[in-house]
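Below, each chain spelled out in residue letters.
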Amino acid sequence: MKKTGFLHDDKYLLHETGPYHPECPERLKAVYKGIKDADFLSKLTLMEASPADQKWIERIHSIKYILRFEEACLYGMTEFDYPDNQMCNESYDIAMLSVGGILDTVKLIMEGKIDNAFCSVRPPGHHAEMNKAMGFCYFNNVAATARYLQEEWGIKRVGIIDFDVHHGNGTQHLFEHDPTVFYYSIHEHPSFSFPGTGREFEKGVGDGEGFTLNSPMLPGQGDREYKKALESDLFPAFYEFKPEVIIASTGFDAHIDDDMSGIALSTEGYSWIMKRIIEMADKCSDGKLLSVLEGGYCLPRLPELAKNHVEILMDK
Amino acid sequence: MFINKSMCKNVVTIDKEAGIFRAREMMMEHRVRHLPVVDADNKLIGMVTDRDVRSAMPSLFIETCDIGEEKERLEKLRVEDIMTRNLITISPTYTLQDALLLMQKHRVGAFPVVDEESNKLKGIISVRDLMRSFINVLGIREPGTLIGVLVENKQGQMKKIIDAITEEKISFGSVLVSRYWDEGKRAVFTYLLTNTVAPMKRKLEKLGFEILDPMEWYLDQFPKKDE
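Residues numbered from 1 in each chain as written. Chains lettered and ligands numbered in written order. Predicted model: local features only at pLDDT ≥ 70, side-chain atom pairs only at ≥ 80, totals over all residues. Heavy atoms only, no water.

Another aspect to go through is the packing of aromatic side chains. Residue and element names in this part refer to chain A. On inspection of all chains with the given rule, the structure shows 18 aromatic pairs over all chains. Geometrically, the ring pair formed by Phe 69 and Tyr 138 is stacked, given 4.9 Å between the ring centres and 10° between the ring planes. Taken together, the residues span a long stretch of sequence, with Phe 69 in helix 3 (residues 63-74) and Tyr 138 in the loop between strand 5 (116-119) and helix 5 (141-153) at a distance of 69 residues. Judged by relative accessible area, which is 0%, Phe 69 ranks as buried. Take Tyr 138: its relative accessible area is 0%, and that puts it in the buried class. Considering the side-chain rings of Phe 182 and Phe 211, the 6.1 Å spacing of their centres and the 75° angle between planes classify their relative orientation as edge-to-face. Here the residue Phe 182 occupies a position in strand 7 (residues 181-188), and Phe 211 occupies one in the loop between strand 7 and strand 8 (212-217), the gap between them amounting to 29 residues. By relative accessible area, Phe 211 is classed as partly exposed at 24%. Members of the aromatic cluster, connected to one another through ring pairs, are Tyr 65, Phe 69, Phe 80, Tyr 92, Tyr 138 and Phe 139. (Phe/Tyr/Trp six-rings, centres within 6.5 Å; stacked < 30°, edge-to-face > 60°. Helix = DSSP H or I, 4+ residues; strand = E, 2+ residues; numbered from the N terminus. Buried < 20%, exposed > 50% of the residue type's maximum accessible area, 1.4 Å probe, protein only.)

As structure tokens, this is what we get:
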């Protein structure tokens, strides 16, 4: 059995997105319920939200953008950059707490106090670009974490696996020139789904060529095709790259019951993906794996998906 | 929609006296396939393409020719010896539509754009420039989601769709209509600048529209029950 951390805080519910918005506080409640009802809490190392040192956010977002976001919240704007991005007064602070809580959690992994962790945070991050909020994301949580690992812990190779059903345009663009961070994403094909990037031929730029890899999946595809794509694209690439730490951008929105996409993964399909990722982390990253929540909007399905996810991390 | 907005204005040109090796070098250096040939007053005399250059070179498969002799011949060849003189040119006031249709008609890759009175070269428009315009029209450089709606070929359908989407305060990246789909039907493709389209799809279905289901191809793979 592994020592697993779990980041959850009611403060993450305070980022309000208004009525009828899919990225709602109830998502985290559902995740928490699944894990609590399975009686896992006593077996997990529980983590809390804490504000991030702004310097880590400045490593991936321009200071202009950070201030613009802060001012928009202070000013009481309920929308930022795109109408998709609904927010409230507290959103800036909560986005800071999101990054901060994740950095605290990954620190424990690096100190060897825990093996791996699941961070159930809002707002999500993988669409956030250097200068632009997008797709419900404001600060790019996993990108900040990758930079933190490199600069604070001297990690040379970080591997990011993004299996949210949408392409993590923000994460890709932040690292596409960088051969030290390998970004892999599997998602619904950009011609059918938001945000319209992540095509097969996007493979990194300049020195970063070969360190970005995308597996776009067609609407209707599910377990079978995901397995095939992960086996042929992700695993060979990561076994060769040998990341010292793996960060998973975890999205539960590829589930067949989630109406944010046409992808049809089953609950078992999700478990299979996670098991294979853990297996790989054990072999090439000394088990160091940090899972950070991105999307996942089907409230009735989130408890079981989160429960399975954590159960696999714990290696029960 | 005039050509002068989409054409390339910094045109790489060549002198008619230049050798064909120089022409090949310039094409590789600037990554272009068409070099307009102009005189000292920037008046268009012809155009040389990568195909003109390649046709002038000996074939790789010919082993019988004298290499020294062949080299001498090629070194003497000037751009004016191989360039096309009877060009189809267009003026800056042509529209993108004109250029698209002309290209399809004449099966060429680029048109020099010249001032009709002075015959001076103003720019060049190639298939690639038109592609860039088309990407712009599709709006796919911005994040969004595509919805395909199948509609009857009758008046007022588009308004219903646009109104329904506008009511939800969703912005449009583009709206394209495919005129030929199933018989009597048209397909309207709305590219919406949002992540959340499921409620929009349900709303359009309630209004009686059929949403094009990209999963259909997938289901088509399986044997049908009645087969």
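Further remarks concern the packing of helix 6 (residues 96-106) of chain B against helix 7 (residues 127-138) of chain B. Residues and elements named next belong to chain B. Interhelical geometry of helix 6 versus helix 7 gives an angle of 130° and a closest axis separation of 11 Å. Here helix 6 is positioned oblique relative to helix 7, judged by the angle of their axes. With respect to the hand of their crossing, helix 6 and helix 7 are arranged in left-handed fashion. Between helix 6 and helix 7, the contacting residues are Leu 96, Ala 99, Leu 100 and Met 103 on the first element and Val 127, Leu 130 and Ser 133 on the second. (Axes fitted to C-alpha atoms, helices over the stretch in contact; angles between N-to-C directions. Parallel < 35°, antiparallel > 145°, perpendicular 65-115°, else oblique. Left-handed = near helix turned anticlockwise from the far one by under 90°. Contact = heavy atoms within 4.5 Å.)

Residue and element names in this part refer to chain B. Taken together, four strands build an open sheet; the order of strands is 6-7-5-8 and the sheet is antiparallel. Of all strands in the sheet, those bounded by a partner on one side alone are strand 6 (172-178) and strand 8 (210-211). Pairing of strand 5 (residues 145-152) with strand 7 (residues 185-192), which is carried by eight bridges, proceeds in the antiparallel orientation. Opposite Val 149, over in strand 7, you have Val 188 as the bridge partner. Across the sheet, helix 7 lies against strand 6 and strand 7, angled at about 110° from strand 6, the strand it touches most. On the sheet, helix 8 (residues 157-167) packs against strand 5, strand 6 and strand 7 and is oriented at approximately 160° with respect to strand 6. (Pairing = 2+ DSSP bridges.)

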